[in-house]
Amino acid sequence: MIGSLGDPGRFDVALRAARDCLAGASRIVALTGAGVSAESGIPTFRDAQSGLWARFDPAQLASEAGFRADPALVWRWYAERREAVRRARPNPGHVALARGAHGGRTPVAVVTQNVDGLHARAGSDVIELHGNILRTICLERCGQRYEPDDLLPAGEPPVCPACGSQLRPDVVWFGEMLDPAALLRAERAAAACHVMLVVGTSGIVFPAAGLALVAGRAGARVIVVNPDETELDGQADLCLRGPAGSVLPALLE
Ligand code: BJW
Ligand code: ZN
């Protein structure tokens, strides 16, 4: 069933059906993507290619090969996005997930593809699949991770104080493995949940998108929250077409 905010009657029917799914659920997981932070003023991953960055291929910018080909360019892209993250605050969508369902009695476990840290700042227990843009790690993986501001000039990528190689953002680029422990925890949560909310993700990037399939195959009800169509709509029991910042509070209140 699809309920779109543009058609309030149908939206209300779908919202009620979604609430019914949640009513009997004690294990709830939210798989989130960039759209959940859009109302905090952070451009979605694919929108982050607008303006000056429109002529660059995101798969190139967000890859080790792209970084090695032009470290200053990729560092600048991340520096701009980091600034947007620093300015941002969690929005009502993040807050609703952190508060949980059933008047706060049932927690919502959050598995996010986002690198902005806003779920944690809102108070959610969160698995960050794709790392965190505010952390920096040694490109040659000497094992050092850094969070200090003084390592983060906007121009050239800084050098690792421990081993002298370049530093990079501590995020998961295309072609890189996700942290196996984080992915395993996410897969277990997906396989064991009664309801999975799939919020603000285009559903095209794997293995994250596959978690919705894991949940559906294991018998969970899958509810997509997104103003637009997604690659995962076909796997969903319900689609609530609207922005996360207003749909999630209405769904979880
Ligand atoms: C709103 C809204 C509002 C707007 N409210 N919603 C199987 C098949 C084919 C390919 C592969 C496959 N398995 C693996 C691959 C390769 C690749 C992949 O998936 N490619 C696809 C493009 C097909 N995956 C990988 O490489 C992964 N690694 C891996 O598989 O390792 C094993 C391996 C190694 C070597 C070789 C082969 C395999 C790693 C993926 C890492 C992704 N990293 C990024 C960058 C992170 C750092 C950074 O941010 O710069 O993660 S890519 C980017 O996409 C970012 C995001 O987390 C991720 C997902 O994007 P998301 O969140 O869905 O955002 P958008 O922008 O796409 O969508 C926003 C949505 O919000 C839209 O739907 C809007 O409508 C909606 N929205 N406002 C609610 N108010
Ligand atoms: Zn190092």
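Shown above is the structure to which this text applies.
What you see as residue numbers is a count from 1 along each chain, following the sequence as written. Written order decides the labels, with chains lettered from A and ligands numbered from 1. Selection of residues for local features in this predicted model requires a pLDDT of at least 70, selection of side-chain atom pairs for listing and counting requires 80 or more, and totals for whole chains, interfaces and linings are taken over all residues. No hydrogens and no water enter the side-chain calculation; it runs on all heavy atoms of the structure.

### Overview of the sheet that holds strand 6 (residues 145-146)
Okay, step 1: Two strands make a pair as long as DSSP finds a minimum of two bridges between them. A helix here means a DSSP run of H or I that spans at least four residues, while a strand means a run of E at least two residues long, and both kinds are numbered starting from the N terminus. The antiparallel open sheet is built from three strands, whose spatial order is 6-5-7. Either end of the sheet is taken by a strand with one partner, and the two such strands are strand 6 and strand 7 (167-171).
Okay, step 2: The pairing of strand 5 (residues 131-138) with strand 7 spans five bridges and is classified as antiparallel. Each residue of the ladder has a partner; that of Cys138, found in strand 7, is Leu167.
Okay, step 3: Any two residues having at least one pair of non-hydrogen atoms within 4.5 Å are treated as being in contact. Axes here mean lines fitted to C-alpha atoms, for a helix over just the part in contact, with angles spanning 0 to 180 degrees between N-to-C directions. Lying on the sheet, helix 4 (residues 71-87) is in contact with strand 5 and strand 7; it crosses strand 5 at an angle near 135°.

### Some details on the site of ligand 1
Okay, step 1: Any residue with a heavy atom positioned within 4 Å of a molecule or strand is treated as near that molecule or strand. Within the structure, ligand 1 sits among 34 residues, and Arg46, Tyr78, Arg81, Thr201 and Ser202 are positioned closest to it.
Okay, step 2: Polar contacts, as used here, are pairs of N or O atoms within 3.5 Å; protein pairs need one atom able to donate a hydrogen and one able to accept it. Residues neighboring in sequence count only if both atoms are side-chain atoms. Between ligand 1 and Glu39, the relevant distance is 2.8 Å, taken from a nitrogen atom to a side-chain nitrogen or oxygen of the residue.
Okay, step 3: At 2.7 Å, a side-chain N or O of Arg81 approaches an oxygen atom of ligand 1.
Okay, step 4: Residue exposure ignores everything except the shown protein chains as possible cover, and the areas themselves are Shrake-Rupley values with a 1.4 Å probe. Considering ligand 1 on its own, with 1500 Å² of exposed area, one finds that the protein chains cover 74% of that surface.
Okay, step 5: Per element, the largest residue contribution to the shell around ligand 1 is three residues, and it comes from helix 4.

### So, the coordination of the zinc ion (ligand 2)
Six octahedral donors around a metal ideally subtend angles of 90 or 180 degrees, whereas four tetrahedral donors ideally subtend 109.5 degrees.
Okay, step 1: Around the zinc ion (ligand 2), the protein supplies Cys138 (SG), Cys142 (SG), Cys160 (SG) and Cys163 (SG) as donor atoms, at distances of 2.3 to 2.4 Å.
Okay, step 2: One can describe the donor arrangement at the zinc ion (ligand 2) as tetrahedral, given that its four donor atoms subtend angles of 99 to 117° at the metal.
Okay, step 3: Ligating atoms shown are N, O and S within 2.8 Å of the metal, or 3.2 Å for Na, K and Ca, and water is not included, meaning a site may look less than complete. Read from N- to C-terminus, the donor residues coordinating the zinc ion (ligand 2) fall into the pattern C-x3-C-x17-C-x2-C. Here Cys142, found in the loop between strand 5 and strand 6, pairs with Cys160, found in the loop between strand 6 and strand 7; they are 18 residues apart in sequence, far enough to count as distant.
Okay, step 4: Whether a residue is buried, partly exposed or exposed follows from its accessible area with a 1.4 Å probe, protein chains only, as a fraction of its type maximum: under 20%, in between, or over 50%, in that order. The class of Cys142 is partly exposed, set by a relative accessible area of 36%.
Okay, step 5: The exposure class assigned to Cys160 is buried, which follows from its relative accessible area of 2%. Only two sets of limits are used to name each site, 85 to 135 degrees for every angle of a tetrahedral four-donor site, and over 155 degrees for opposite donors with all other angles from 65 to 115 for a square planar four-donor or octahedral six-donor site, with any other site named irregular.

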